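# Coordinates in review
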Number of protein chains: 2
Amino acid sequence: MPASISDVASEAGVSVATVSRALRGLPNVAPSTRDRVLLAARDLDYIADPNASRLAEGRTKTIGMVVPLFTQWFFTQCVAGAEAVLTAAGYDVLLYNVSGADGRVRFLESMPFRKRVDGIIVIDLPLAVEEIARLNEAAVPVVTVGLRIEGFPSVTIDNVTAAGQATEHLIGLGHERIALLSNLPDDPLKFRAPVDRREGYQRALRSHGLHVDPLLDVPGNFSLEGGAEAMAHALLAEDPPTAVFAESDEMAIGAIKTARDAGLAVPEDLSIIGFDDHEMARYVGLTTMSQPVVAEGEVAGTLLLEQLTDPPQGKVPHVELPTELVVRSTTAPRRAVLKPVGSA
Amino acid sequence: MPASISDVASEAGVSVATVSRALRGLPNVAPSTRDRVLLAARDLDYIADPNASRLAEGRTKTIGMVVPLFTQWFFTQCVAGAEAVLTAAGYDVLLYNVSGADGRVRFLESMPFRKRVDGIIVIDLPLAVEEIARLNEAAVPVVTVGLRIEGFPSVTIDNVTAAGQATEHLIGLGHERIALLSNLPDDPLKFRAPVDRREGYQRALRSHGLHVDPLLDVPGNFSLEGGAEAMAHALLAEDPPTAVFAESDEMAIGAIKTARDAGLAVPEDLSIIGFDDHEMARYVGLTTMSQPVVAEGEVAGTLLLEQLTDPPQGKVPHVELPTELVVRSTTAPRRAVLKPVGSA
DNA sequence: CTGAAAGCGCTTACAG
DNA sequence: CTGAAAGCGCTTACAG
């Protein structure tokens, strides 16, 4: 039976109120009394029952983190960033791994986090208007990362611009047939990033007078396997691409494998650029558009703490973090001669 | 102001006790009463305050997962496995990211999870005798994964045997100078896996009459960078290795990069085998010793649920999961001629 | 500076 | 089948 606050009180010869005050460092406790309480607590190995504290205080000192698929590199990094600042501030972190379209709907319908957390960080999960309304009713502070919603603080990157720059990089190398590895255009989960990145890709092509070929826009599911399959698909085109913009490094790495298995040299025959700067990227020499993933989580954590402590006076903060092109060795100038020597 | 149980009670015209019983599906509630309560609860969008329930019930319905470094692939997979079975059983999952030797000591001294979780899953974190004693005092059910401790249920793999088989694979290809990418022998965190895998490696060498060269045993920190640096170090040896056994795929992938940057062909000049079967492994063609990471987490979750529900009669379960050699394209027979043709 | 008491929102014997 | 009441272990006005 672990010690309770009254055990400590009798051991120290004071009331439970005094124990509570002394242990939490509140003022108006005589130093000698405090010492006695501290000693008694140590002796009894006392720790306050958080459930009782929370019930009495009316807050949980817990933050919920809602992620679509927490095993993916991007999410783990982001969670780690937020976790660091939240635990440093004395908060517990509760994980909500919400996968699939139905999981998401169920989650937002039942909102199991109500009365359980003081606030939530929603990573990348798009929200329908009625879901936003319900969140507002629930009166739980929300911070989003990866998407921007009116009324909720957010941290994002400029996906349109970043994708445009990635595409420009390929165009600058002389490529004209550039495939896009993205999500399904009618993705039921309605993630925001693929939409914006496609937009940036298409804008870049158009601004250079290049044709936007739907046949070169293939869904890759943001995974290794998806990227591999998408690449295979793109290679089937009559006039195949000489370069690829993959909207995630995972897809890019999958694509590289497919290309090499098909006998294509990367970057000689095919240039590939990714997105994220996954920790593996430098080990496969992947050229990519880097985003500050951990920082995104950290900023989200900080924004949420602000909501919790400061009164949310004034306007809702939206932080946009910078991206950066990292050129490594999977992109190169387009070959002058496209056909193999012997095929003429 | 969210609805409380008494709001529901007055709405339904019954006592709070009846509401509590009806909502939790307890017997001895008239069907008509139950319906009325359910309706009232739905109308008011009622959800029970978990802190109050927990305080009254004396259990938290929360499981703590303690991981040394949760951004590493192995840990995320393992956590995901456990998380799935735990949330399916109605438990919340609280993350304890305990990094570094000091973080671990602090964590086990203060045991912040006491009174906060019903049980914990400890992944890979070695425990000192006094820490084990304290955990026993804390009376929190513990399940360990990756290490086996008397008295706690556990799920492990046979690291000695698996590492032996990995090494045998290289020996079978004719290699005699085989480097080991491992941890520091005097790793302050005292992780178990490196110790066992080194043991398996050395046994395999000895059983084939091969020399165990300390110069070929280099610390790689289980990371990409660590593996890359360790490889560079091993290549400096007077009589350099023709093969490498890396105790993690991350180290193996880092090592491949170093080797290729140094102008060595993998596997022609240097064979490399990893450990884990990281999702990237097949995309870099890495030969590796596969372990069922997600299953390890799932089994750990199941074992913990057993502890929580069934009385722990009889002996403590220790589950050992199988590993499997996966041969891909980073290992090959040792070259007959070691020196480049022109160097004779 | 300290204590007695109410209250946080539930659950659970106990009685009927 | 249902309700009144005690209790879970804290915190926080309120009084002194």
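Preceding block: the structure.
Residue numbers here run from 1 along each chain, matching the order of that chain's written sequence. Going through the entries in the order they are written, you letter the chains from A and number the ligands from 1. Note on the predicted model: pLDDT of at least 70 is required for a residue's local features to be given, and 80 or more for side-chain atom pairs to be given and counted; whole-chain, interface and lining totals, by contrast, use all residues.

The next thing to look at is the overall build of chain A. Looking only at helices and strands, chain A features twelve helices and twelve strands. Overall size of chain A, expressed as C-alpha extent along the three principal axes, is 100 × 40 × 35 Å. To sort residues by burial, count the other C-beta atoms lying within 10 Å of each one's C-beta; a count of 20 or more means buried, 12 or fewer means exposed, and anything in between means partly exposed. C-beta atoms are built from the backbone. Counting the 344 residues in chain A, one finds 47% classified as buried. Comment: elements are numbered from the N terminus, with helices defined as DSSP H or I runs of at least four residues and strands as E runs of at least two.

Below, the discussion takes up the relation of the copies chain A and chain B. All copies are superposed by least squares; the fitting set is the C-alpha atoms of residues with a pLDDT of at least 70 in both. The transformation that overlays chain A on chain B combines an axial shift of 0.0 Å with a rotation of 180°, and the residual RMSD is 0.1 Å. Here the transformation between the copies is reduced to the relation of a two-fold axis. A share of 100% of the interface residues of chain A reappears at the interface of chain B, consistent with the copies meeting face to face through the same patch. With C-beta atoms placed from the backbone, a contact is any residue pair whose C-beta atoms sit within 7 Å.

Residues and elements named next belong to chain B. Neither face of strand β8 (residues 243-246) is exposed, since Ala-243 and Phe-245 on one face and Val-244 and Ala-246 on the opposite face are all buried. Pairing between two strands is assigned when DSSP locates at least 2 bridges connecting them. As paired strands, strand β6 (residues 178-182) and β8 are joined by four bridges and run parallel to one another. Among the inter-strand pairings, Leu-181 is bridged to a residue of β8, identified as Ala-246. With three bridges connecting them, β8 and strand β9 (residues 271-276) associate as parallel partners. Bridge pairing links Phe-245 to Ile-273 in β9. By convention, orient the strands away from the viewer: a clockwise path from the first strand over the helix to the second makes the crossover right-handed. Following the chain from β8 across helix α11 (residues 249-261) to the adjacent parallel β9, one finds a crossover that is right-handed.

Using a C-beta atom placed from the backbone for every residue, we mark a residue as near a molecule or strand if that atom lies within 6 Å of it. The local shell around DNA strand D holds 25 residues, among which Ile5(A), Ala17(A), Ser20(A), Ala56(A) and Ala30(B) are the closest. Among the elements of the structure, α2 (16-23) and α4 (50-57) of chain A together with α2 (16-23) and α4 (50-57) of chain B are those that each provide at least two residues to the surface near DNA strand D. Taken together, the residues of the surface near DNA strand D break down into 14 nonpolar, seven polar and four charged. Classes in brief: Ala, Val, Leu, Ile, Met, Phe, Trp, Tyr, Cys and Pro nonpolar; Asp, Glu, Lys and Arg charged; the others, Gly included, polar.

With 31 residues of chain A in contact, the opposing surface of chain B contributes 31 residues. Within the residue set of the side of chain A that touches chain B, elements represented by two or more residues are α4, α5 (73-88), β2 (92-97) and α11 (249-261) of chain A. When its residues are assigned to classes, the side of chain A that touches chain B shows 15 nonpolar, seven polar and nine charged.

With that settled, consider the protein's contact with DNA strand C. As a matter of local geometry, DNA strand C sits amid 25 residues, with Ala30(A), Ile5(B), Ala17(B), Ser20(B) and Ala56(B) nearest to it. Secondary-structure elements contributing two or more residues to the surface near DNA strand C are α2 and α4 of chain A together with α2 and α4 of chain B. Among the elements that line the surface near DNA strand C, the one with the most residues is α4(B), at five residues. Residue classes in the surface near DNA strand C are distributed as 14 nonpolar, seven polar and four charged.

All names here are of chain A. Counted residue by residue, β2 has six buried out of six residues, so it is predominantly covered. Burial along β2 is two-sided: the residues Asp-92, Leu-94 and Tyr-96 and Val-93, Leu-95 and Asn-97 are all buried. Relative to β2, strand β1 (residues 62-67) is paired through six bridges, and the arrangement is parallel. Opposite Gly-64, over in β2, you have Leu-94 as the bridge partner. Once you follow β1 into α5 and on to β2, the crossover reads as right-handed.

This part is about the nonpolar core. Nonpolar cores are identified as sets of buried Ala, Val, Leu, Ile, Met, Phe, Trp, Tyr and Cys residues joined via C-beta atoms within 7 Å. Ranked by internal contacts, the top residues of the largest apolar core, which has 82 residues, are Val244(A), Ala255(A), Val244(B) and Ala255(B). With near-sequence residues (within four places) excluded, Val244(A) lies in contact with Ile178(A), Ala179(A), Leu181(A), Met231(A), Ala234(A), Ala255(A), Leu270(A) and Ile272(A). Within the second largest apolar cluster, 81 residues are counted, among which are Val66(A), Leu86(A), Leu95(A) and Phe74(B).

Our focus in this paragraph is the packing of α4(A) against α4(B). Where helices are involved, their axes are fitted lines through C-alpha atoms of the stretch in contact, as for all axes, and angles between N-to-C directions lie from 0 to 180°. Taken N-terminus to C-terminus, the directions of α4(A) and α4(B) make an angle of 135°; their axes are 8 Å apart at the nearest point. As the angle between them shows, α4(A) and α4(B) are arranged oblique. For the pair α4(A) and α4(B), the sense of crossing is left-handed. Residues Asn51(A), Ala52(A), Arg54(A) and Leu55(A) of α4(A) touch α4(B), and the partners they reach there are Asn51(B), Ala52(B), Arg54(B) and Leu55(B). The residue makeup of the contact of α4(A) with α4(B), split by class, is four nonpolar, two polar and two charged. Should an angle fall under 35 degrees it is taken as roughly parallel, and over 145 as roughly antiparallel, whereas 65 to 115 is taken as roughly perpendicular and any remaining angle as oblique. Left-handed describes a crossing whose near helix is turned anticlockwise from the far helix through less than a right angle; right-handed describes the clockwise counterpart.

In sheet architecture, strand pairing relies on hydrogen bonds along the backbone and comes in two forms, parallel and antiparallel. Residues and elements named next belong to chain A. Sheet architecture is open: six strands sit in the order β7-β6-β8-β9-β10-β12, paired in mixed fashion. Here the strands that pair on one side only, and so sit at the sheet edges, are β7 (217-219) and β12 (324-326). Strand after strand, the sheet turns through a mean of 20° between neighbouring axes, direction not considered. Strand direction decides the pairing type here: strand β9 (residues 271-276) and strand β10 (residues 287-290), joined by four bridges, are parallel. Bridging across to β10, Gly-274 finds its partner in Thr-288.

Residue and element names in this part refer to chain B. The strand order across the open sheet built from six strands is β7-β6-β8-β9-β10-β12, with neighbouring strands paired in mixed fashion. Whereas interior strands pair on both sides, the edge strands pair on one side only; in this sheet they are β7 (217-219) and β12 (324-326). Sheet twist, expressed as the mean angle between neighbouring strand axes with direction ignored, is 20°.

Residues and elements named next belong to chain A. Between α5 and helix α12 (residues 293-309), whose axes approach to 7 Å, the crossing angle comes to 40°. In terms of orientation, α5 lies oblique with respect to α12. The handedness of the crossing between α5 and α12 comes out as right-handed. Taken together, the residues of α12 that come into contact with α5 (itself represented by Phe-74, Gln-77, Cys-78, Val-79, Ala-80, Gly-81, Ala-82, Ala-84, Val-85 and Leu-86) are Val-293, Val-294, Ala-295, Glu-296, Gly-297, Glu-298, Ala-300, Gly-301 and Thr-302. By residue class, the composition of the contact of α5 with α12 is twelve nonpolar, five polar and two charged.

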